[in-house]
Amino acid sequence: MKTETRNELIWHGFLVVAIFLTLWPIVFMISTSFKDLSQVFESTLNPLPWPITFDNYTTVLGNFPLFTYIWNTFLIAAIVTVSKTLTSVLSAFAFVYYDFKYKESLFNGMLLTFFIPITVLVMPNYLMMSKLGLLNTPWGVVLPCLVDGMGVFLMRQTMRCVPKALLEAAILDGAKPRQVLTKVIMPLIKPALLANSILFFINSWNEYFWPLLILQDKDSYTLPLALQMFISAEGGSEWGIAMAVATLTSLPPLILYGFCQKFIINTFMSSGVKG
Amino acid sequence: MEHSIVFSHVDKAYGKTVVIKDLNLEIRRGERLILLGPSGCGKTTTLRMMAGFEDISAGELYMDGKVVNDVPPGERNIAMVFQSYALFPHLSVWDNITFGLVLQKLPKEEIEKRTYQALDILHLRGQEHKKTHELSGGQKQRVALCRALVKQSPFFFLDEPLSNLDAQLRQKARTELVKIHEMFRPTMIYVTHDQIEAMTVADRIAVMNKGKVQQIDTPDTIYHHPANVFVATFIGSPAMNVVKARIEGTKIVIGECAVEIPAEWLKIVGTRKEVIFGLRPEAAKPNFDNAMVKGTVDFLENTGNLKTASLTLSDGQNFFIQDSNQNIDLRNVSGFDFDWNNVNLFDVETEMNIGYVKE
């Protein structure tokens with residue numbers, strides 16, 4: 001056997017394992033959501049349940065305030081996404097476009113923020129929210145998540161790829177800094193901007209730990225918290241229902257991604273000297 | 001003073017690296033001034049200071065008679081063509097051209113009038129709805145020109161605008177540029193390292209080297225009477241011959257060959273014992289038996305319209321001679337003759353032109 005073919009086989013084998021490991025939990029989640037409790041324990045690893053039951057979904061949609069939880073989660077994710085995107089773009093623009101004192105030190109300082117582990121931040125943040133009287137409100141969840149150093153960093157790297165001559169051409173034509181940002185930079189970095197926003201949204205959508213600390217009232221729960229209500233530590237977990245909720249939970253980010261995907265096409269960055 | 005640009009003792013430094021030192025330059029209204037020099041000579045920096053993209057470290061820059069050191073680029077009323085063209089890739093040709101006019105909030109009819117006029121001048125009619133990446137290199141260059149044209153600014157800056165075009169397109173674009181300038185007569189400053197571009201486009205050329213203007217004059221004067229050895233050897237292809245020569249009494253010794261110096265030149269030479277003798281290759285007339293300056297042929301070059309021979313003089317210095325006569329064979333040349341009207345003499349120490357006899 002040629003080395004090339006053998007290498008290819010090894011790689012493909014590796015990829016098949018990787019794909020299986022990635023997809024199996026999802027297949028397992030979806031199939032379990034169509035099983036009743038006895039089937040769950042009888043055929044745990046069987047991905048194709050028979051007969052299929054929709055009871056889990058009717059229970060979820062009927063007796064369970066699913067839409068309240070979706071709305072709670074969406075509201076938090078939307079505010080966080082908009083805020084993080086906006087602040088990332090504006091501060092990255094400042095770092096790229098303006099010259100000011102201590103620019104590099106400020107940027108490096110900002111980079112340091114994402115080396116601080118969340119476990120260190122939890123206590124002070126919790127105390128702060130508590131002092132502000134924001135426990136058990138969406139604002140308490142949102143407030144510490146409004147800005148993101150990683151976002152600033154990524155946006156700055158992207159903006160630096162916009163050729164300087166483009167900015168200068170716009171400035172010479174009388175564009176104010178705001179117009180340089182909105183009319184030249186933003187259209188050019190749109191794909192990266194959208195990809196970033198989607199990441200912000202999905203991260204916030206799936207966030208479990210921080211909302212768990214802040215939100216105590218069941219009505220204010222987000223979806224990941226609601227999910228946990230069906231899994232009890234003492235046994236008697238409603239696996240089918242939990243998986244039905246999990247399936248429904250993963251739908252909105254998926255739809256969002258599908259919707260945005262067509263905008264994430266590679267636009268031409270350089271003005272193109274070559275004909 | 002209107003629409004003129006004056007540099008008065010301008011310095012430019014990046015930290016401790018001084019790139020431009022005591023620049024004095026006066027650009028007249030409506031002229032085509034070319035900033036010419038090798039890369040790194042400060043010509044682009046000079047242009048960018050005028051555009052306002054580079055701070056001025058010391059001295060004053062006047063535009064329209066006013067000091068503009070601290071005036072932001074957008075308020076200087078400049079149209080500029082960038083080397084990379086700097087077309088906005090997300091906009092159509094039309095939106096690229098009208099970008100500045102829309103920002104200025106000009107009335108719609110005015111914008112359309114100017115844009116159609118510019119599109120017609122540059123033969124871009126029918127291309128206005130294309131995206132810039134659908135255009136050829138030459139078209140992109142013309143769109144960039146169009147965008148500068150519609151602003152109708154009194155100042156028109158070009159930073160190596162033709163360097164990305166192939167040779168044939170470049171020549172066409174050159175004539176086009178001059179034609180457009182004649183139409184509107186803005187004060188035009190054009191940066192290039194291409195001497196042919198400089199010679200053909202310029203009213204005046206400012207030759208720069210190491211952050212200093214070496215000479216600023218008409219292309220003719222720059223070519224025939226370069227101010228110093230740098231200018232003499234930078235312009236022309238092959239460049240002007242510059243060889244060391246001794247003065248012995250009333251004779252100049254070039255490559256061990258003594259030539260009588262005319263009386264009026266003797267005054268200019270003065271008491272110097274040594275000079276640098278400068279002569280353009282095409283001013284050295286090939287001689288086949290009894291040349292004024294003798295030399296042996298090293299190699300020949302034939303470019304079709306011109307024949308070039310590289311000679312080695314008796315003292316080992318190299319000398320190029322050029323002739324357009326197709327019927328002679330430079331292989332058998334014994335040396336060259338010259339006419340004193342074509343001679344430039346430079347000081348050995350300062351390398352400056354020591355003067356010439358005015359006809």
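Just so it is clear, the structure is predicted and the values come from calculations on it, not from any experiment.

Student: Please clarify how the overall build of chain B should be interpreted in this entry.
Tutor: Scanning chain B from terminus to terminus reveals nine helices and 20 strands. Seen along its three principal axes, the alpha-carbon backbone of chain B occupies a region of about 75 × 50 × 40 Å. The 359 residues of chain B split such that 40% are buried. Within chain B, contacts between residues separated by at least 24 positions form 65% of all contacts whose residues are at least 6 apart in sequence.

Student: Just to check I follow, could you spell out the overall build of chain A for this structure?
Tutor: Across its full length, chain A carries 13 helices and zero strands. The linear arrangement of helices and strands in chain A, starting from the amino end, is α-α-α-α-α-α-α-α-α-α-α-α-α. For 275 residues, the compact-globule formula gives about 19 Å, and the C-alpha radius of gyration of chain A, at 24 Å, lies well above that figure. Per-residue burial over chain A gives 27% buried out of 275 residues. Counting contacts in chain A only where the partners sit at least 6 residues apart, residues at least 24 apart contribute 73% of the total.

Student: What am I meant to see in the sheet that holds strand 6 (residues 78–81) of chain B here?
Tutor: Think of a sheet as strands paired side by side through backbone hydrogen bonds, with each pair either parallel or antiparallel. All names here are of chain B. Reading across from one edge, 6-7-8-3-9-10 is the order of the six strands in this open sheet, with mixed pairing throughout. Looking at strand neighbours, the two that pair on one side only are strand 6 and strand 10 (212–217), the edges of this open sheet. This sheet shows a mean twist of 15° between the axes of neighbouring strands, independent of strand direction. Relative to strand 8 (residues 187–192), strand 3 (residues 32–36) is paired through five bridges, and the arrangement is parallel.

Student: Whenever I open this one, the interface of chain A and chain B confuses me. Can you help?
Tutor: A common way to express how large an interface is: the accessible area buried when the components associate. With 21 residues of chain A in contact, the opposing surface of chain B contributes 24 residues. At the level of secondary structure, the elements contributing two or more residues to the side of chain A that touches chain B comprise helix 9 (164–172) and helix 10 (177–206) of chain A. At six residues, the largest contribution of residues to the side of chain A that touches chain B is made by helix 9 of chain A. Grouping the amino acids of the side of chain A that touches chain B by side-chain chemistry returns twelve nonpolar, six polar and three charged.

Student: Looking at this structure, how should I read the confidence of the model for chain B?
Tutor: With 99% of its residues at a pLDDT of 70 or more, chain B shows a mean pLDDT of 91. Here the prediction assigns the complex a pTM of 0.81, and the interface score ipTM is 0.84.

Student: Help me understand the nonpolar core in this model?
Tutor: Side chains of nonpolar character tend, in soluble globular proteins, to be buried together. Among the nonpolar cores identified, the biggest contains 115 residues, and B:I34, B:M80, B:C146, B:F157, B:I189 and B:A206 are the most heavily contacted of them. For this core, the element with the highest residue contribution is helix 10 of chain A, accounting for seven residues. Core analysis: the second largest hydrophobic core is formed by 25 residues, A:V141, A:Y221, A:I241 and A:A242 among them.

Student: Help me understand the packing of helix 1 (residues 3–33) of chain A against helix 13 (residues 239–261) of chain A, please; the structure alone is not making it clear to me.
Tutor: How two helices sit against one another is set out by the angle between their axes and by the gap between those axes. All names here are of chain A. Contact geometry of helix 1 with helix 13 gives a least axis separation of 7 Å together with a crossing angle of 120°. Overall, the two elements helix 1 and helix 13 adopt an arrangement that is oblique. The interaxial crossing formed by helix 1 with helix 13 has left-handed handedness. Facing helix 1, whose interface residues are M29, I30, T32 and S33, helix 13 presents W239, G240, M243, A244, A246 and T247. Split by residue class, the contact of helix 1 with helix 13 holds six nonpolar, four polar and no charged.

Student: When you look at the domain arrangement of chain B in this model, what are you seeing that I'm missing?
Tutor: Residue and element names in this part refer to chain B. In terms of domains, chain B is made up of domain 1 (5–231) and domain 2 (240–346). Of note, the centres of domain 1 and domain 2, computed from C-alpha atoms alone, are 39 Å apart. With four residues of domain 1 at the contact, the number on the domain 2 side is five residues. Residues that form the side of domain 1 that touches domain 2 fall into these classes: two nonpolar, two polar and no charged.

Student: What is the right way to read the pairing of strand 8 of chain B from this model?
Tutor: In regular strands, side chains alternate between the two faces of the sheet. Residue and element names in this part refer to chain B. With six of six residues buried, strand 8 is to be regarded as a mostly interior element. Neither face of strand 8 is exposed, since T187, I189 and V191 on one face and M188, Y190 and T192 on the opposite face are all buried. Inspection of the sheet shows strand 7 (residues 155–159) paired to strand 8 by five bridges, in the parallel sense. Paired with F155 across the bridge in strand 8 is T187. Taken together, strand 7, helix 5 (residues 167–184) and strand 8 form a β-α-β motif whose crossover is right-handed.

Student: Please clarify how unusual backbone geometry should be interpreted in this entry.
Tutor: When glycine is set aside, most residues are seen to have a negative phi, and most peptide bonds are trans. Residues and elements named next belong to chain B. A cis amide bond links S237 with the next residue in sequence, P238, at an omega value of -5°. The backbone of Y85 sits at a positive phi, close to 75°, despite the residue not being glycine. Here Y85 is to be found in the loop between strand 6 and helix 2 (93–103). Accessibility expressed as a C-beta count within 10 Å gives 25 for Y85, which makes it buried.

Student: In this structure, what is going on with the domain arrangement of chain A? I would like to understand it.
Tutor: Residue and element names in this part refer to chain A. For chain A, the assigned domains are domain 1 (3–53) and domain 2 (64–261). One C-alpha centre belongs to domain 1, the other to domain 2, and the line joining them spans 31 Å. Across the contact, eight residues belong to domain 1 and six residues belong to domain 2. Residue assignment for the side of domain 1 that touches domain 2 shows that the elements contributing at least two residues are helix 1 and helix 2 (37–42). By residue number, the principal contributor to the side of domain 1 that touches domain 2 is helix 1, which donates four residues. Looking at the side of domain 1 that touches domain 2 residue by residue, the classes come out as four nonpolar, two polar and two charged.

Student: Can you walk me through the packing of helix 4 (residues 66–97) of chain A against helix 10 of chain A in this structure?
Tutor: Residue and element names in this part refer to chain A. It is at 9 Å that the axes of helix 4 and helix 10 come closest, and there the two elements cross at 140°. Classified by the angle their axes make, helix 4 and helix 10 are oblique. Crossing angle aside, the handedness with which helix 4 passes helix 10 is right-handed. Only P177, L181, I185, L193, N196, S197, F200, F201, S204 and W205 of helix 10 make contact with helix 4, whose side of the interface consists of T73, I76, A77, V80, T81, K84, T85, S88, V89, F93 and Y97. Broken down by class, the residue content of the contact of helix 4 with helix 10 amounts to 13 nonpolar, seven polar and one charged.

Student: Got a minute to help me understand the environment of A:L172 in this structure?
Tutor: Within the element layout of this structure, A:L172 appears in helix 9. Assessed through the 27 C-beta atoms surrounding it within 10 Å, A:L172 is described here as buried. With near-sequence residues (within four places) excluded, A:L172 lies in contact with B:A51, B:P73, B:G74, B:I78 and B:M80.

Student: Would you take a moment to explain the pairing of strand 2 (residues 17–27) of chain B for this structure?
Tutor: Residues and elements named next belong to chain B. Judged from the seven bridges that link them, strand 1 (residues 5–14) and strand 2 form a sheet pairing that is antiparallel. Opposite V10, over in strand 2, you have L23 as the bridge partner. Once strand 1 ends, the chain turns through two residues before running back antiparallel as strand 2, passing G15 with a positive phi of about 60°.

So, how was this worked out
Residues numbered from 1 in each chain as written. Chains lettered and ligands numbered in written order. Predicted model: local features only at pLDDT ≥ 70, side-chain atom pairs only at ≥ 80, totals over all residues. Helix = DSSP H or I, 4+ residues; strand = E, 2+ residues; numbered from the N terminus. Buried ≥ 20, exposed ≤ 12 C-beta atoms within 10 Å, placed from the backbone. Contact = placed C-beta atoms within 7 Å. Rg over C-alpha atoms; globule rule 2.2 N^0.38 Å. Pairing = 2+ DSSP bridges. Axes fitted to C-alpha atoms, helices over the stretch in contact; angles between N-to-C directions. Nonpolar A, V, L, I, M, F, W, Y, C, P; charged D, E, K, R; others polar. pLDDT = per-residue confidence, 0-100. Core = buried A, V, L, I, M, F, W, Y, C linked by C-beta atoms within 7 Å. Parallel < 35°, antiparallel > 145°, perpendicular 65-115°, else oblique. Left-handed = near helix turned anticlockwise from the far one by under 90°. Domains from an automatic or database assignment. Right-handed = clockwise from strand over helix to strand, strands pointing away.

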